[in-house]
Amino acid sequence: MISIDIEKNLKTYQGKRVLKISRNFPAGSITKIYGPSGAGKTTFLKIIAGLVTPEDGKIVVNGTVWLDSVTGVSLPPQKRMAGFVFQDYALFPNMTVRQHLEYATDNTNWITRLLAIGKLETLDQHRPEYLSGGQQQRLAILRALAIRPKLLLMDEPFSALDAEMKQALIAELKIIFKELGSTVLIVTHNPQELDELTTSGLLIE
Amino acid sequence: MTDLSPIWLTLKLAAITTLLLLIIGLPVAWWLSRGRSVIKTIIEAIITMPLVLPPSVLGFYLLLAFSPQRGVGKWLQQTFDVQFVFSFKGLVLASFIYSMPFMIAPVKSALQQLPTTLAQASYTLGKTRWQTFIKVLLPNIKPSLFTASVLTFAHTLGEFGVVLMIGGSIPNVTRVASIAVYDSVERMDYASANTYSLILLCITFIMVISVFLFNKYQAKSPLD
């Protein structure tokens, strides 16, 4: 179970506003997060990962307190180890596809399997600049999965994939999520496309 | 036959200064690149000062600060038997301070231009700040790192005022090439002055052109 209760001041073009979310996510659930641009969807994911600090709040993941503004507890992202798929992919330009995965894990069997899932086996010696947008996005997903995260945070993870590739990847991811027992939060601008994958939804306005 | 020891001394000084600035300047540049504070602004201003300060002014204050007759210089002499004035160590210290902006400013700027999500992605994979700096950030600012190193090296080759003030012109100890050129002209020995000048000119030209070539190669489009 993941319990989140946070409050964060946001600066937007429309002025200042408060992002306030209180919600429990059952272990193993897959939740789509949607809402208008600038609502704070990405900030919400970054708060959970420990990359952004809220003014106030508490995050408890599977019984471990990650954040408690009252007691002053705030685990760094390195301790939280939440898998994170960034909207801009955040791939490392100096590393090849394989090196990205080797940077995250030393389990070669797992790397081989991930490469197969992402259909990147033949491109494993290529650097991101030589990959298409869709290939880069798949690599970003594989890198986040490489650490076998119990909590996976995905920010627009399928936006650059064609319909066929998306379907194939989602089918594979379903199996992986179940196998890892991961709880998954997916930010999307197109909630309908994730109906098949997700078990619940969260609207951030 | 022209005495080439000032050339070797200059190259040794430039190499040591560049190495020290790589070791100490890179973490400083990294620290400065992350966030803003009053202390960081003040330190950055101090680091940038040698760019606008006349070298003789910097040399003068270093001479006063490290004079064995007073203050820090006296304490260093009495406690550690170390003397910076009129010694090679003094040249290294002066060159280090004088060349700091050439190393730190471009590296800091390059680090700031990297997307913040690069470091964030590394942290979420469990990597420490240091691992992220070494494995992700530094390799992705290679052109700037190379440019900063070459500029630091080349700038040290050309130092005159600051090294003259703190080091004087002691053969094989502090008489670097730029000072040897000046001494030779004063002695009307234009042949030696020309030899030193020509060697410095060639070395500097090769270094600057290598920066342009390296950066051109790095910026090459994958479609070329």
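The rules behind these values
- Residues numbered from 1 in each chain as written.
- Chains lettered and ligands numbered in written order.
- Predicted model: local features only at pLDDT ≥ 70, side-chain atom pairs only at ≥ 80, totals over all residues.
- Helix = DSSP H or I, 4+ residues; strand = E, 2+ residues; numbered from the N terminus.
- Rg over C-alpha atoms; globule rule 2.2 N^0.38 Å.
- Buried ≥ 20, exposed ≤ 12 C-beta atoms within 10 Å, placed from the backbone.
- Contact = placed C-beta atoms within 7 Å.
- Pairing = 2+ DSSP bridges.
- Axes fitted to C-alpha atoms, helices over the stretch in contact; angles between N-to-C directions.
- Right-handed = clockwise from strand over helix to strand, strands pointing away.
- Parallel < 35°, antiparallel > 145°, perpendicular 65-115°, else oblique.
- Left-handed = near helix turned anticlockwise from the far one by under 90°.
- Nonpolar A, V, L, I, M, F, W, Y, C, P; charged D, E, K, R; others polar.
- Core = buried A, V, L, I, M, F, W, Y, C linked by C-beta atoms within 7 Å.

**A look at the overall build of chain A**
Here comes step 1: From N to C terminus, chain A includes 6 helices and 10 strands.
Here comes step 2: For 205 residues, the compact-globule formula gives about 17 Å, and the C-alpha radius of gyration of chain A, at 17 Å, lands near that figure.
Here comes step 3: C-alpha atoms of chain A, sized along the principal axes, occupy 50 × 30 × 30 Å.
Here comes step 4: The buried share of chain A, taken over its 205 residues, is 37%.
Here comes step 5: Across chain A, contacts joining residues at least 24 apart in sequence account for 72% of those joining residues at least 6 apart.

**Quick notes on the sheet that holds strand β4 (residues 56–61) of chain A**
All names here are of chain A.
Here comes step 1: Ordered in space as β2-β1-β4-β5-β6, the 5 strands form an open sheet in which the pairing is antiparallel. On the outer flanks of this sheet lie β2 (15–25) and β6 (73–74), each paired with one strand and no other.
Here comes step 2: Judged from the 6 bridges that link them, strand β1 (residues 2–12) and β4 form a sheet pairing that is antiparallel. Looking at the pairing, I2 lines up with V61 of β4.

**Thoughts on the interface of chain B and chain A**
Here comes step 1: Tallying the contact residues gives 16 residues for chain B and 19 residues for chain A.
Here comes step 2: Elements with a contribution of two residues or more to the side of chain B that touches chain A: α6 (116–124) and α7 (129–137) of chain B.

**Some points on the environment of L58 of chain B**
Here comes step 1: With respect to the helices, strands and loops of the structure, L58 of chain B is situated in helix α3 (residues 55–65).
Here comes step 2: When near neighbours in sequence (up to four residues on either side) are disregarded, L58 of chain B contacts P50, L53, I97, Y98 and V162 of chain B.

**Examining the sheet that holds strand β8 (residues 151–155) of chain A**
All names here are of chain A.
Here comes step 1: Taken together, 5 strands build an open sheet; the order of strands is β7-β8-β9-β3-β10 and the sheet is parallel. Edge strands, defined here as strands with exactly one partner in the open sheet, are β7 (83–85) and β10 (200–203). In this sheet, neighbouring strand axes are inclined to one another by 15° on average, regardless of whether the strands run parallel or antiparallel.
Here comes step 2: Strand direction decides the pairing type here: β8 and strand β9 (residues 183–187), joined by 5 bridges, are parallel.

**A closer look at the pairing of β9 of chain A**
All names here are of chain A.
Here comes step 1: Counting buried positions along β9 yields 5 of 5 residues, so the element is predominantly enclosed.
Here comes step 2: Both strand β3 (residues 30–34) and β9 contribute to a ladder of 4 bridges, which runs parallel. Bridged to I33 within β9 is V187.
Here comes step 3: Once the chain exits β8 it traverses helix α6 (residues 163–180) before rejoining the sheet at β9, and the crossover so formed is right-handed.

**As for the packing of helix α5 (residues 88–113) of chain B against helix α8 (residues 142–157) of chain B**
A pair of packed helices is captured by two measures, namely the crossing angle of their axes and the spacing between those axes.
All names here are of chain B.
Here comes step 1: The interhelical angle for the contact between α5 and α8, taken along N-to-C directions, is 165°, at an axis separation of 9 Å. On the basis of their axis angle, the class for α5 and α8 is roughly antiparallel. Like other packed secondary-structure pairs, α5 and α8 cross with a definite hand, here right-handed. Two secondary-structure elements touch here, α5 through S95, S99, F102, M103, P106, V107 and A110 and α8 through S144, L145, T147, A148, L151, T152, H155 and T156.
Here comes step 2: Tallied by class, residues from the contact of α5 with α8 come to 8 nonpolar, 7 polar and no charged.

**Observations regarding the packing of α6 of chain B against α7 of chain B**
Residue and element names in this part refer to chain B.
Here comes step 1: Where α6 meets α7, the closest approach of the two axes is 10 Å, and the angle between their N-to-C directions is 125°. Accordingly, the angle class assigned to the pair α6 and α7 is oblique. In this structure, α6 meets α7 at a crossing whose hand is right-handed. Together, L118, A119, S122 and Y123 of α6 and T132, V136 and L137 of α7 make up the contact between the two elements.
Here comes step 2: Looking at side-chain class alone, the contact of α6 with α7 contains 5 nonpolar, 2 polar and no charged residues.

**Some details on unusual backbone geometry**
Here comes step 1: With a phi angle near 50°, E156 of chain A is a residue other than glycine that sits in the positive phi range.
Here comes step 2: Within the secondary structure, E156 of chain A is located in the loop between β8 and α6.
Here comes step 3: Of note, the phi angle at F86 of chain B is positive, near 55°, even though the residue is not glycine.
Here comes step 4: Within the secondary structure, F86 of chain B is located in the loop between α4 (71–80) and α5.

**Section: the nonpolar core**
Here comes step 1: By size, the foremost hydrophobic cluster in this structure holds 98 residues, and its most contacted members are I48, A140 and L153 of chain A together with V107 and I166 of chain B.
Here comes step 2: Tallying contributions element by element places α5 of chain B first for this core, with 11 residues.
Here comes step 3: Setting aside residues up to four positions removed in sequence, A140 of chain A forms contacts with V85, F86, Y89, A90 and L91 of chain A.

**Here's the deal with the environment of F214 of chain B**
Residues and elements named next belong to chain B.
Here comes step 1: Its location among the elements puts F214 in helix α11 (residues 190–218).
Here comes step 2: Judged by the 15 C-beta atoms lying within 10 Å of it, F214 is partly exposed.
Here comes step 3: With 103 residues separating them in the primary sequence, F214 and L111 have C-alpha atoms 19 Å apart.
Here comes step 4: If we skip the residues at most four places from it in the chain, F214 touches P143 and F146.

**As for the pairing of β2 of chain A**
Here comes step 1: Bridging between β1 of chain A and β2 of chain A involves 11 bridges; their strand directions are antiparallel. Bridging across to β2 of chain A, K11 of chain A finds its partner in K16 of chain A.

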